[in-house]
There are 2 protein chains.
Amino acid sequence: MKKLLIASTSTVHGKKYLEYILPELSLFFKGVKEILFIPYARPSGLTHKAYTEVAKTAFEKINIEVRGIHEFENAIDAVNNAKGIFTGGGNTFLLVKELYDHKLISALKNVVENGTPYFGTSAGSNITGLTMQNTNDMPIIYPPSFNTLGFINFNINPHYLDPDLNSTHMGETRETRINEYHTINSTPVLGLREGSWLAVNGSKVTLKGDLNARLFQQGKAAVELPSETDLSFLM
Amino acid sequence: MKKLLIASTSTVHGKKYLEYILPELSLFFKGVKEILFIPYARPSGLTHKAYTEVAKTAFEKINIEVRGIHEFENAIDAVNNAKGIFTGGGNTFLLVKELYDHKLISALKNVVENGTPYFGTSAGSNITGLTMQNTNDMPIIYPPSFNTLGFINFNINPHYLDPDLNSTHMGETRETRINEYHTINSTPVLGLREGSWLAVNGSKVTLKGDLNARLFQQGKAAVELPSETDLSFLM
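Here the structure is a predicted model, which is why all the values come from computation and not from measurement.

What am I meant to see in the overall build of chain A here?
Per the secondary structure count, chain A includes 7 helices and 11 strands. Taking 2.2 N^0.38 as the reference for a compact globule, 235 residues should give roughly 18 Å; the C-alpha atoms of chain A span a radius of gyration of 17 Å, in line with that estimate. For the C-alpha atoms alone, the extent of chain A along its principal axes is close to 45 × 35 × 35 Å. The burial tally for chain A puts 58% of its 235 residues in the buried class. In chain A, 68% of the contacts between residues at least 6 apart in sequence involve partners at least 24 apart. Accessible surface for chain A amounts to roughly 9,400 Å². Of this, 49% is attributable to carbon and sulfur atoms. Taking the 22 positively charged and 23 negatively charged side chains of chain A as two groups, their mean positions are separated by 4 Å.

Printed below as a string of structure tokens:
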């Protein structure tokens with residue numbers, strides 16, 4: 001049975017990397033001694049090695065070892081043998097390009113559909129949706145497709161940001177961008193604020209964390225959903 | 001000789017559409033009675049017709065007529081016959097997809113290199129660079145390529161936004177995104193703040209408007225450039 005934890009962000013303001021979600025991760029990965037880390041999104045251009053060190057330092061606190069996928073000779077085997085998987089944030093275009101280049105899309109789909117627990121933050125959460133088309137990232141590299149893993153039957157907008165009512169900036173708000181998406185696409189989009197995550201168990205999806213999430217559906221007004229909302233109706 | 005006006009935004013806070021730049025446009029399109037408008041970027045999902053009306057209303061004030069490219073039976077002929085071209089902002093992914101679908105990339109390159117004056121705002125400015133990879137837009141549609149018109153030998157980041165030092169949001173700043181771009185690409189990127197534009201005459205490029213622009217080059221610290229800076233060294 002599918003088991004995912006899909007988080008808006010790795011880090012909330014004023015706390016260390018993953019600190020806010022470590023208690024949840026400890027339960028989520030219960031019984032797992034080592035997880036596979038996918039560092040391909042390379043935030044701020046960090047090397048795979050340096051990024052994996054960041055993940056290691058956080059997971060040490062809950063006694064879980066972390067190995068970066070770049071440490072393995074064969075990335076597909078690494079996915080197939082993993083007891084748990086964590087894909088970190090960074091640039092979604094780069095992440096998706098690397099997943100296709102390493103032919104990992106079908107391997108990831110296969111193991112996660114068959115029960116390997118998957119944790120994603122930010123870009124690592126974006127790719128759990130049907131497509132990466134609601135990323136906030138800059139298209140720094142051209143991926144062969146925008147289609148992603150489809151573990152959930154909708155898309156994620158991580159780091160969802162409410163409009164700044166005092167801003168004089170004329171660039172589009174996040175809501176405007178998602179509405180533009182819905183002028184030509186019908187996939188629902190869930191705006192996950194920083195500190196929120198989704199718990200997925202099979203086809204059951206529940207909103208977790210302290211904050212509301214904002215659901216955008218084509219042809220409907222956006223709605224605010226409180227924590228603990230059952231989102232299975234989207235699956 | 002190439003003649004372009006590449007603007008960060010169509011609209012500055014507190015003013016009407018194109019109002020801040022109409023005096024400049026009047027000089028730029030001197031002697032031109034009618035321009036071709038390319039509404040493909042469809043801001044907020046506006047129809048081509050409705051968007052063209054917005055452009056018409058602005059250009060009426062300087063006695064220039066506007067016809068939308070969708071009004072012509074043959075879009076390539078429309079570009080070839082245009083006395084001036086304006087590409088409006090909106091979603092860059094959608095704009096670039098439509099330009100490729102309508103086979104307009106080479107037609108636009110050809111006429112603008114041969115002297116048809118070209119004015120772009122936001123997405124319409126993004127496409128004057130080598131690639132669209134420094135857009136701020138959401139990838140709402142998959143274009144066949146990120147390569148764009150290359151009228152200038154660098155890329156534009158329109159609506160350039162300085163980091164909000166009071167923000168508690170953990171999403172990447174604009175500068176972080178552009179630096180991530182430079183971890184894997186060498187094309188220089190010019191962050192154009194709202195109210196700034198570039199005047200291009202052949203291979204001469206000058207920064208115009210009241211504000212500084214911010215130049216990002218691979219392996220160098222970003223620099224602030226004052227208005228009237230000659231940017232021809234980037235060409």
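Explain the relation of the copies chain A and chain B here, please?
Copy one and copy two of the chain differ by a rotation about a common axis and a shift along it. Taken as rigid bodies, chain A and chain B are interconverted by a rotation of 180° and an axial shift of 0.0 Å, the fit giving an RMSD of 0.0 Å. Here the copies are linked by what is in effect a two-fold axis. Mapped onto chain B, 100% of the interface residues of chain A are again interface residues, and the two copies thus contact each other with one and the same surface.

Looking at this model, I keep getting lost on the interface of chain A and chain B. Mind explaining?
In many reports, interface size means the accessible area that the parts give up when they come together. At the interface, 47 residues of chain A touch 47 residues of chain B. Both sides together, the interface formed by chain A and chain B hides about 3,700 Å², and carbon and sulfur atoms give 61% of it. Taken as a group, Met138, Ile140 and Tyr142 of chain A account for 20% of the area that chain A buries against chain B, more than any other trio of residues on that side. The interface formed by chain A and chain B contains 2 salt bridges. The partner of Asp137 of chain B in a salt bridge is Arg177 of chain A, and the shortest N-O contact between them spans 3.6 Å. Summed over the shared surface of chain A and chain B, the result is 23 residue pairs in polar contact (both at pLDDT 80 or more). Of all the secondary structure elements, the ones that give two or more residues to the side of chain A that touches chain B are helix H4 (92-101) and helix H7 (174-182) of chain A.

Looking at this model, I keep getting lost on the side chain of Thr87 of chain A. Mind explaining?
Tracing the chain through its elements places Thr87 of chain A in strand E4 (residues 85-87). At 3.0 Å, the side chain of Thr87 of chain A and the side chain of Tyr118 of chain A are in polar contact.

How should the sheet that holds strand E1 (residues 3-7) of chain B be read in this particular structure?
All names here are of chain B. Pairing is mixed in the open sheet, where 7 strands are placed in the order E3-E2-E4-E5-E1-E8-E9. One side of each edge strand has no neighbouring strand; the edge strands of this open sheet are strand E3 (65-68) and strand E9 (204-208). Recorded for the sheet is a direction-independent mean angle of 20° between the axes of neighbouring strands. Where strand E4 (residues 85-87) lies against strand E5 (residues 118-121), 3 bridges are found, and the strand directions are parallel. From the neighbouring strand, Phe86 faces E5, where its bridge partner is Phe119.

Help me out: how do you make sense of helix H5 (residues 105-113) of chain A in this one?
Because the α-helix completes a turn every 3.6 residues, residues three or four places apart line up on one side. Residue and element names in this part refer to chain A. Every buried residue of H5 is accounted for by Ile105, Ala107, Leu108, Val111 and Val112. Looking straight down H5, one finds its buried side chains confined to an arc of 165°; they lie on one side. Contacts made by the buried residues of H5 are with strand E1 (3-7), strand E2 (34-38), helix H3 (75-81), E4, H4 and strand E5 (118-121).

Would you take a moment to explain the sheet that holds E4 of chain A for this structure?
Residue and element names in this part refer to chain A. On the basis of which strands lie adjacent, the open sheet formed by 7 strands has the order E3-E2-E4-E5-E1-E8-E9 and mixed pairing. Two strands close off the open sheet at either side, each with one partner strand: strand E3 (65-68) and strand E9 (204-208). Direction aside, the axes of adjacent strands within the sheet are offset by 20° on average. Sheet topology note: the E1/strand E8 (residues 197-201) ladder contains 5 bridges and is antiparallel. Note that in E8 the partner of Ile6 across the bridge is Leu198. Against the sheet, helix H2 (residues 48-60) makes contact with E2, E3, E4 and E5, and its axis sits at roughly 170° relative to E3, the strand it touches most.

What is the right way to look at the pattern of salt bridges in this model?
Oppositely charged side chains may form a pair once their charged atoms are brought near each other. All names here are of chain A. Here the structure, examined in full by the defined rule, presents 20 salt bridges over all chains. Its salt-bridge partner being Arg214, residue Glu224 comes within 2.8 Å of it at the nearest N-O pair. Remark: Arg214 occurs in strand E10 (residues 213-216) and Glu224 occurs in strand E11 (residues 223-225); sequence separation between them is 10 residues. Residue classification places Glu224 among the partly exposed positions, given a relative accessible area of 33%. Connected via shared salt-bridge partners are Asp162, Glu175, Arg193, Arg214 and Glu224.

Can you walk me through the pairing of E1 of chain A in this structure?
Every regular strand shows the same layout, with side chains that alternate between the two sheet faces. Residue and element names in this part refer to chain A. With respect to burial, E1 is a largely interior element, 4 of its 5 residues being buried. The pairing of E1 with E5 spans 4 bridges and is classified as parallel. Looking at E5, one finds that Leu4 is bridged to Tyr118.

What am I meant to see in the nonpolar core here?
Within soluble globular proteins, side chains that are nonpolar tend to cluster in buried spots. Core analysis: the biggest nonpolar cluster contains 86 residues, and Leu198 of chain A together with Leu198 of chain B have the highest contact counts within it. Aside from chain neighbours lying at most four places away, what touches Leu198 of chain B is Leu4, Leu5, Ile6, Phe154, Ile156, Leu190, Leu192, Val205, Thr206, Leu207 and Leu231 of chain B.

Teacher, can you tell me more about the packing of aromatic side chains here?
Centre distance and the angle of the planes are the two values used to describe a pair of aromatic rings. Residues and elements named next belong to chain A. Summed over the entire model, instances satisfying the criterion amount to 26 aromatic pairs over all chains. Three or more aromatic residues joined by ring pairs make a cluster, and in this case those are Phe28, Phe29, Phe37, Tyr51, Phe59, Phe86 and Phe119. Here the guanidinium or amino end of Arg67 rests over the ring plane of Phe72, the centre of that ring lying 4.2 Å away.

Criteria and cut-off values
- Residues numbered from 1 in each chain as written.
- Chains lettered and ligands numbered in written order.
- Predicted model: local features only at pLDDT ≥ 70, side-chain atom pairs only at ≥ 80, totals over all residues.
- Heavy atoms only, no water.
- Helix = DSSP H or I, 4+ residues; strand = E, 2+ residues; numbered from the N terminus.
- Rg over C-alpha atoms; globule rule 2.2 N^0.38 Å.
- Buried < 20%, exposed > 50% of the residue type's maximum accessible area, 1.4 Å probe, protein only.
- Contact = heavy atoms within 4.5 Å.
- Areas by Shrake-Rupley, 256 points an atom, 1.4 Å probe, with all protein chains shown as cover.
- Lys, Arg positive; Asp, Glu negative; His and termini not counted.
- Charge placed at Lys NZ, Arg CZ, Asp CG, Glu CD.
- Least-squares fit on C-alpha atoms with pLDDT ≥ 70 in both.
- Buried area = accessible area lost by both parts, 1.4 Å probe.
- Salt bridge = Lys/Arg side-chain N within 4 Å of Asp/Glu carboxyl O.
- Polar contact = N/O pair within 3.5 Å; in protein donor to acceptor, adjacent residues only side chain to side chain.
- Pairing = 2+ DSSP bridges.
- Axes fitted to C-alpha atoms, helices over the stretch in contact; angles between N-to-C directions.
- Arc of directions from axis to C-beta.
- Core = buried A, V, L, I, M, F, W, Y, C linked by side-chain atoms within 4.5 Å.
- Phe/Tyr/Trp six-rings, centres within 6.5 Å; stacked < 30°, edge-to-face > 60°.
- Lys NZ or Arg CZ within 6 Å of the ring centre and 35° of its normal.

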